[in-house]
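# Tertiary structure, described
For reference, the chains in residue letters:
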Amino acid sequence: MQGTVDGFSYGLVTPVAAFLMACLGGALGLRCTTRSLRHDDTFKAGWLALGATSIGTGIWTMHFIAMMGFSVQQAPVAYDRPLTFASLGVAILMVGIGIFIVGYRGATALTLVTGGTITGLGVATMHYLGMAGIRLHGQITYDTGTVALSVVIAVVAATVALWAAVSVHGFLASLGASIVMGVAVSGMHYTAMAAVDVRLHGTAAAGTGDSATSLLLPMLIGPAVFLLLAAVVVMFDPLLVMGEPDWQRPTAHGGYRHGAPGVPAPRRSPAYGEPANWSSARPAARTARRGAARGTYRSQDW
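First, a word on what this report is: a plain description of the structure on this page. (Residues numbered from 1 in each chain as written. Predicted model: local features only at pLDDT ≥ 70, side-chain atom pairs only at ≥ 80, totals over all residues. Heavy atoms only, no water.)

### Concerning empty space enclosed by the protein
- A full pass over the atoms with the stated rule returns six cavities of 30 Å³ or more.
- If you trace the second largest cavity, you find it lined by Ile59, Thr119, Val123, Ala154, Ala157, Ala158, Met181 and Val185.
- Contributing elements (two or more residues each) for the lining of the second largest cavity: helix H4 (109-132), helix H5 (144-167) and helix H6 (170-194).
- No other element matches the three residues that H5 contributes to the lining of the second largest cavity.
- In terms of residue class, the lining of the second largest cavity is made up of seven nonpolar, one polar and no charged. (1 Å grid on protein atoms, 1.4 Å probe; cavity = no way out; pocket = protein on both sides within 12 Å on 5 of 7 lines; lining within 4 Å. Points joined across faces, edges and corners; volume = space filled by probe spheres on them. Helix = DSSP H or I, 4+ residues; strand = E, 2+ residues; numbered from the N terminus. Nonpolar A, V, L, I, M, F, W, Y, C, P; charged D, E, K, R; others polar.)

Printed below as a string of structure tokens:
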């Protein structure tokens, strides 16, 4: 007997909530990864682990919020708890491997592709392992071509996300990257769900394991933990959200800008014996001396 599958039992509520969770996990994870790459310190491994946990947990939460809208009209759907939470561990582990590769091997094209592939495969594995936890009086089959497309989407999305983590600057760029990641992860999920076909065994029968409703509480705890974690991280390290200000980034000549945009540079007090207007009265003389010094250095190099 063919089962009638509905992936939007609650309308747009579950897709929108799932998308927001994917964006939240992606935003926090990308900022943690960026923090570890641009500020190499003793907490590098901690930032990478936090980033991997954030992305993995965000994707897992997104998946099961979206699955709240999944139903088969002719049979009740339940979930196996061990497999459900095993999929969370797989997501965090494989995302962590991909992020640590980029974090410690550098942001080269090879490491980004390798890390993105492992991370994407982790996302796909999480999805299909979570689907294996579904319990109903029937059998779930998949269209091979659509499954392959969903895996490709996951790998491309993960690679783009890692690239964004090492390339974007500032809050707005990071927000855009997290939105793109949320769209990609949600697209991967619903592409994979389009591959689902349910064959029921005879008449409807009650499923075994935990119902979808019993999984709602962990899903509500997850977003609360994310919000708390984000608040704590922002409180103690604002650069995770705001990025590195332009006036603190290296210039093309290897130095640093000395003031924020639109703010005049601080005036220095004249040294003993200097005229009070030394900093403004003789700019040409200072420029000439600097040019002569550069010429001296060049002659010494030769």
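What follows picks up the thread again.
### Looking at the side chain of Thr119
- As for its placement among the helices and strands, Thr119 is situated in helix H4.
- Look at Thr119 and you get buried, because its relative accessible area is 6%.
- Engagement of the side chain of Thr119 in a polar contact is seen with the backbone oxygen of Gly115, the distance being 2.8 Å.
- Those residues in contact with Thr119 that lie beyond four places of it in its chain are Met94, Val95, Gly98, Ile99, Ala158 and Leu162. (Buried < 20%, exposed > 50% of the residue type's maximum accessible area, 1.4 Å probe, protein only. Polar contact = N/O pair within 3.5 Å; in protein donor to acceptor, adjacent residues only side chain to side chain. Contact = heavy atoms within 4.5 Å.)

No statement about biological role is implied by the geometric values presented.
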